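Report on the structure
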Amino acid sequence: MINPDSVGRTFAGADSVTVSQSEIDAFCAVISETNTTVAPPTFSIRISLSQYESILTQPEIGVDWTRLVHGDQKFEIFRPIVAGDVFKCSATIETLRVAAGNEIISVRSDLHNGSELVVSSWSTLVVRA
Amino acid sequence: MIEVGTVLDERVFYLDRAMLKAYADASGDQNPIHQSEEFALSVGLPNVIAHGMLTMALVGKYVTDWAGGAAAVKEFSARFIKPVIVPADQQVDLTVSATVLEVDGDRISINLSATSAGIKVLGMAKAVVIK
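1. Brief notes about the overall build of chain B
If you tally the helices and strands in chain B, you get 3 helices and 6 strands. Secondary structure of chain B in N-to-C order comes out as β-α-α-α-β-β-β-β-β. Its C-alpha atoms give chain B a radius of gyration of 16 Å, within 12% of the compact-globule value 14 Å for 131 residues. On the principal axes, the C-alpha backbone points of chain B span a range of 50 × 30 × 20 Å. Taken over 131 residues, chain B has a buried fraction of 40%.

Spelled out as structure tokens, the structure:
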């Protein structure tokens with residue numbers, strides 16, 4: 001079970017994740033995007049998902065990553081990500097509810113480069129019963 | 001002329017196992033349900049399924065191309081309602097289309113439709129672009 005006390009709290013992720021051009025190139029290649037000067041709109045999931053995994057599986061929160069299904073996803077992109085961006089990441093557990101034994105959590109991820117908020121994203125993650 | 005109700009051209013993307021592997025490497029999501037048939041079947045799936053976020057990335061490519069570049073995409077959201085099933089040695093379709101929902105100056109909201117093998121795979125899919 002997810003610790004209900006974690007709802008409403010913001011957890012700091014890695015202090016710095018640096019985006020490389022080769023990561024952007026690889027993501028673009030999958031979707032046949034030839035303009036690699038900026039990252040595609042969903043690129044930030046590469047950062048957010050690994051941050052979620054390291055934050056949400058901590059014992060004090062208790063998400064079982066092996067039972068996880070992605071329910072929905074939203075991005076608000078203030079400017080496109082580019083190579084050389086250095087991000088500080090955070091995850092906020094906004095809501096937790098249980099339906100038919102499944103735990104449904106809504107998590108928000110903010111990526112800041114210095115004081116600039118570059119991308120906010122929201123993920124609904126379902127931990128199957 | 002872009003106005004509310006304008007229907008954008010349909011486009012078909014194709015997915016195969018090689019694309020799923022490439023996406024796993026590019027995204028860091030190495031969940032075996034996207035690569036191993038044996039594992040997918042063992043957890044009750046009909047076959048290997050595409051990452052929901054790969055589906056969303058391809059729909060994002062549709063939006064980006066229409067908007068004139070990734071920098072024009074301001075908001076993008078979708079619900080993963082059905083998996084895209086990717087059998088071995090096959091290419092499966094992802095058919096994408098869109099309708100203009102709202103025009104506010106240069107800010108345009110579109111409602112996206114995405115199906116695979118005739119089944120709707122994304123729900124409530126929307127994007128906001130500056131065009």
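On we go.
2. Let's talk about the confidence of the model for chain B
Considering every residue of chain B, the mean pLDDT works out to 97; 100% of them sit at 70 or more. Two summary scores accompany this predicted model of the complex, namely pTM at 0.96 and ipTM at 0.96.

3. Regarding the nonpolar core
In terms of nonpolar packing, the biggest core is built from 71 residues, with V59(B), V73(B) and L112(B) touching the most fellow members. Not counting residues up to four positions away in its chain, the partners in contact with V59(B) are A78(B), V96(B), L112(B), A114(B), L122(B) and A125(B).

4. Some words on the pairing of strand β5 (residues 102–113) of chain A
Each regular strand shows side chains that alternate between the opposite faces of the sheet. All names here are of chain A. Sheet analysis places strand β4 (residues 86–99) next to β5, joined by 11 bridges and oriented antiparallel. Each bridged residue has a counterpart across the sheet, and for A91 the counterpart in β5 is S109. Counting the residues that bridge the hairpin from β4 to β5 gives 2 residues, and of these A100 lies at a positive phi of roughly 50°. With 11 bridges connecting them, β5 and strand β6 (residues 116–127) associate as antiparallel partners. From the neighbouring strand, S109 faces β6, where its bridge partner is S121. Between β5 and β6, which pair antiparallel in sequence order, lie 2 residues; one of them, G114, sits at a positive phi of approximately 65°.

5. Side note on the interface of chain A and chain B
Contact residues are listed per partner, giving 25 residues for chain A and 27 residues for chain B. The set of elements that each furnish at least two residues to the side of chain A that touches chain B consists of α1 (21–30), α2 (45–56) and β3 (68–77) of chain A. Tallying contributions element by element places β3(A) first for the side of chain A that touches chain B, with 8 residues. Class assignment for the residues of the side of chain A that touches chain B results in 14 nonpolar, 6 polar and 5 charged. When β3(A) meets strand β2 (residues 73–80) of chain B, the two strands line up antiparallel, connected through 5 bridges. Across the sheet, Q73(A) pairs through a bridge with A78(B), a residue of β2(B).

6. Digging into the environment of E94(A)
Structurally, E94(A) can be placed in strand β4. A C-alpha to C-alpha distance of 5.6 Å links E94(A) and V107(A), two positions 13 residues apart in sequence.

7. Quick look at helix α3 (residues 52–67) of chain B
Residue and element names in this part refer to chain B. Helix length check: α3, at 16 residues, gives a terminal C-alpha distance of 22 Å against a target of 22 Å (1.5 Å per residue), a fit within 8%. Counting buried residues in α3 gives 14 out of 16 residues, a clear majority hidden from the surface. Taken from the residues just after α3, G68 is the one with a positive phi, measuring 95°.

8. Describing the confidence of the model for chain A
In this model, chain A carries a mean pLDDT of 93, and residues with pLDDT of at least 70 account for 100%. Of all the helices and strands in chain A, strand β1 (residues 10–12) of chain A carries the lowest mean pLDDT, 89, while α1(A) carries the highest, 98.

Reading guide: rules and limits
- Residues numbered from 1 in each chain as written.
- Chains lettered and ligands numbered in written order.
- Predicted model: local features only at pLDDT ≥ 70, side-chain atom pairs only at ≥ 80, totals over all residues.
- Helix = DSSP H or I, 4+ residues; strand = E, 2+ residues; numbered from the N terminus.
- Rg over C-alpha atoms; globule rule 2.2 N^0.38 Å.
- Buried ≥ 20, exposed ≤ 12 C-beta atoms within 10 Å, placed from the backbone.
- pLDDT = per-residue confidence, 0-100.
- Core = buried A, V, L, I, M, F, W, Y, C linked by C-beta atoms within 7 Å.
- Contact = placed C-beta atoms within 7 Å.
- Pairing = 2+ DSSP bridges.
- Nonpolar A, V, L, I, M, F, W, Y, C, P; charged D, E, K, R; others polar.
- Expected span 1.5 Å × (residues − 1).

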